Amino acid sequence: MSKPTPDVYEQGKGMDAHNKVMREIRSRKEASYDPHEPTRVWLDEDNTPDGVKTSLTIILNTGGCRWARAGGCTMCGYVAESVDGGSVSHEALMDQIDVCLEHEAENGDEPAELIKIYTSGSFLDEREVGAESRRAIADTFADRDRMVVESLPDFADREKIADFTQHGLDTDVAIGLETATDRVRHDCVNKYFDFADFEDACAEAAAADDAAGDDAEAGIKAYLLMKPPFLTESEAVADMISSIERCADVDGCHTVSMNPCNVQRYTMVDELYFNDGYRPPWLWSVAHVLEQTADVDAIVVSDPVGHGSDRGPHNCGECDDLVQKAIKDFDLRQDPSVFEQVSCECELTWETVLERERSFNQPLTR
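What this report covers is the structure whose coordinates are included nearby. Predicted model only: the values in this text are computed from it and were never measured.

### A few points about the overall build of the chain
A count of helices and strands for the chain gives 12 helices and eight strands. Expected size for 366 residues packed as a compact globule is a radius of gyration near 21 Å; at 20 Å, the chain falls within 12% of this value. Once the C-alpha set of the chain is aligned to its principal axes, its extents read approximately 55 × 45 × 40 Å. Here the chain holds 366 residues, and 56% of them are scored as buried.

### Notes on helix H6 (residues 182-189)
All of the buried residues along H6 are Val 184, Arg 185, Cys 188 and Val 189. Down the axis, H6 shows its buried residues gathered within 105° of arc, on one side only. Following H6 by one or two positions, Asn 190 has its phi on the positive side, about 65°.

### Concerning a negative patch on the surface
Residues Asp 34, Glu 37, Glu 91, Asp 95, Asp 98, Glu 102, Glu 106 and Glu 132 make up a contiguous surface patch of negative charge. Sorting elements by how many residues they give to the negative patch places helix H3 (residues 90-107) first, with five residues. When you line up the elements, Asp 98 lands in helix H3. According to the relative accessible area criterion, Asp 98 is partly exposed, its value standing at 41%.

### A word on the nonpolar core
Ranked by internal contacts, the top residues of the largest apolar core, which has 91 residues, are Ile 58, Ile 117, Phe 123, Phe 198, Cys 247 and Cys 253. Considering every element that reaches this core, the biggest residue donor is helix H8 (residues 233-248), with seven residues. By size, the runner-up hydrophobic cluster in this structure holds six residues, among which are Ile 59, Leu 114, Tyr 118 and Ala 174.

### What about the pattern of salt bridges?
What the rule picks out here adds up to 20 salt bridges. As a salt-bridge pair, Asp 145 and Lys 53 come within 3.5 Å of each other at their nearest N and O atoms. Taken as a pair, Asp 145 in the loop between helix H4 (131-140) and strand E4 (146-150) and Lys 53 in strand E2 (residues 51-59) lie far apart in primary sequence, 92 residues in all. The class for Asp 145 is partly exposed, based on a relative accessible area of 34%.

### Some points on the environment of Leu 101
Inspection of the secondary structure assignment puts Leu 101 in helix H3. According to the relative accessible area criterion, Leu 101 is partly exposed, its value standing at 25%. Taking C-alpha positions, Leu 101 is 34 Å from Ala 248, a pair spaced 147 residues apart along the chain. Setting aside chain neighbours within four positions, we find Leu 101 in contact with Thr 140, Phe 141 and Arg 144.

### Brief notes about the side chain of Glu 150
Positionally, Glu 150 belongs in strand E4. Of the side chains bearing the opposite charge, Lys 191 lies closest to the buried Glu 150, which forms no salt bridge; the N-O distance is 6.5 Å. If near-sequence neighbours (up to four positions away) are discounted, Glu 150 is found in contact with Ile 117, Tyr 118, Gly 121, Ser 122, Phe 123, Leu 124, Ala 174 and Tyr 223.

### Notes on the packing of H4 against helix H5 (residues 158-165)
The N-to-C vectors of H4 and H5 enclose an angle of 30°; their axes lie 8 Å apart at closest approach. Between H4 and H5, the angle falls in the class roughly parallel. Residue-level contacts link Arg 134, Arg 135 and Ala 138 of H4 to Lys 160, Asp 163 and Phe 164 of H5. Its residues placed into classes, the contact of H4 with H5 shows two nonpolar, no polar and four charged.

### A word on the sheet that holds strand E8 (residues 299-302)
Strand order in the open sheet formed by eight strands is E1-E2-E3-E4-E5-E6-E7-E8, with mixed pairing between adjacent strands. Strands at the two margins of the open sheet, each flanked by one partner only, are strand E1 (40-48) and E8. When strand polarity is set aside, the average angle formed by the axes of neighbouring strands in this sheet is 25°. In the packing of H3 onto the sheet, contacts are made with E1 and E2, and the angle to E1 comes to roughly 70°.

### Focus: the pairing of strand E6 (residues 218-226)
With respect to burial, E6 is a largely interior element, nine of its nine residues being buried. Here E6 shows two buried faces, one formed by Ala 218, Ile 220, Ala 222, Leu 224 and Met 226 and the other by Gly 219, Lys 221, Tyr 223 and Leu 225. Taken together, the seven bridges between E6 and strand E7 (residues 253-260) define a ladder with parallel strand orientation. Considered in E7, the bridge of Tyr 223 is made with Ser 257.

What counts, and where the lines are drawn
- Residues numbered from 1 in each chain as written.
- Predicted model: local features only at pLDDT ≥ 70, side-chain atom pairs only at ≥ 80, totals over all residues.
- Heavy atoms only, no water.
- Helix = DSSP H or I, 4+ residues; strand = E, 2+ residues; numbered from the N terminus.
- Rg over C-alpha atoms; globule rule 2.2 N^0.38 Å.
- Buried < 20%, exposed > 50% of the residue type's maximum accessible area, 1.4 Å probe, protein only.
- Arc of directions from axis to C-beta.
- Patch = residues over 30% accessible without salt bridge, like charges linked within 9 Å, V, L, I, M, F, W, Y side chains within 5 Å.
- Areas by Shrake-Rupley, 256 points an atom, 1.4 Å probe, with all protein chains shown as cover.
- Salt bridge = Lys/Arg side-chain N within 4 Å of Asp/Glu carboxyl O.
- Lys, Arg positive; Asp, Glu negative; His and termini not counted.
- Charge placed at Lys NZ, Arg CZ, Asp CG, Glu CD.
- Core = buried A, V, L, I, M, F, W, Y, C linked by side-chain atoms within 4.5 Å.
- Contact = heavy atoms within 4.5 Å.
- Axes fitted to C-alpha atoms, helices over the stretch in contact; angles between N-to-C directions.
- Parallel < 35°, antiparallel > 145°, perpendicular 65-115°, else oblique.
- Nonpolar A, V, L, I, M, F, W, Y, C, P; charged D, E, K, R; others polar.
- Pairing = 2+ DSSP bridges.

In structure tokens, the structure reads:
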């Protein structure tokens with residue numbers, strides 16, 4: 001990968017030291033990707049304000065997140081899967097959509113009700129996905145029920161959201177807020193915006209919702225990061241509970257997705273991990289947070305990617321699949337009693353970590 005450099009828009013944002021390290025790490029990437037093929041596509045089920053729906057998740061292969069080219073988030077390696085060079089043509093993006101539709105036709109019984117589109121950056125940033133492509137994608141999926149697109153709050157405005165709601169599509173903008181605590185977001189994650197900017201994006205979605213009337217709904221899905229680097233396990237748990245509660249109190253935010261951090265290549269977290277300076281969160285921590293926030297006024301879900309592996313959220317190895325199954329069950333039912341069905345001797349170790357781990361001795365266990 002060519003040496004990443006910030007565009008004018010990103011200059012002066014984030015922590016200079018973090019950005020410098022991240023640009024050097026990202027420059028080690030050597031793989032290249034086909035701009036006519038999506039990064040990933042799969043079928044699943046998701047909980048929405050209208051109930052559980054079948055979903056088609058699409059990760060478009062774009063030029064990647066512009067913030068990542070400036071240095072970017074300490075834990076995010078998705079830019080390493082992006083097309084080198086910074087841009088993908090409209091024709092290539094639509095070829096990727098065709099590939100995803102073929103995958104759906106071959107693997108699904110019927111068209112998915114929910115479409116989720118990610119770019120490893122910001123779908124609403126027109127430097128990644130131009131207005132022509134955004135509107136063509138909206139036209140393509142106009143017959144579905146609901147659309148989720150991912151974006152930084154900067155690019156979430158009512159006009160772009162209206163490209164989808166005008167078709168009668170209920171539309172959610174998924175924002176990688178990571179935490180409601182500005183200090184943690186700035187210093188641990190290296191994201192440049194504040195919680196107030198997230199609130200502004202929620203207001204834009206609410207305005208799009210009002211403009212759509214009874215034809216469609218618009219809202220925000222907050223993505224939070226469980227255990228960014230430089231936090232102990234107990235600090236991460238406390239911050240996550242507080243963040244979920246704060247997000248649920250913001251008008252326009254109807255869903256909170258807690259994403260336990262995993263160790264991705266070409267990231268600062270990866271460097272810390274190999275120098276014994278980071279351990280992904282315990283699955284017990286994920287379950288605890290879900291239990292503690294089950295009564296907030298929002299749907300709260302979690303999808304521990306890479307669960308059970310050393311580089312993903314894990315417990316002792318014996319109970320990981322059972323706890324993961326309970327988390328998935330909670331996502332669909334929102335019933336905290338599912339966690340009463342799982343237990344393991346390693347809970348005592350986890351409780352000890354919460355009690356005794358400090359910033360100078362973390363991680364206390366691997």
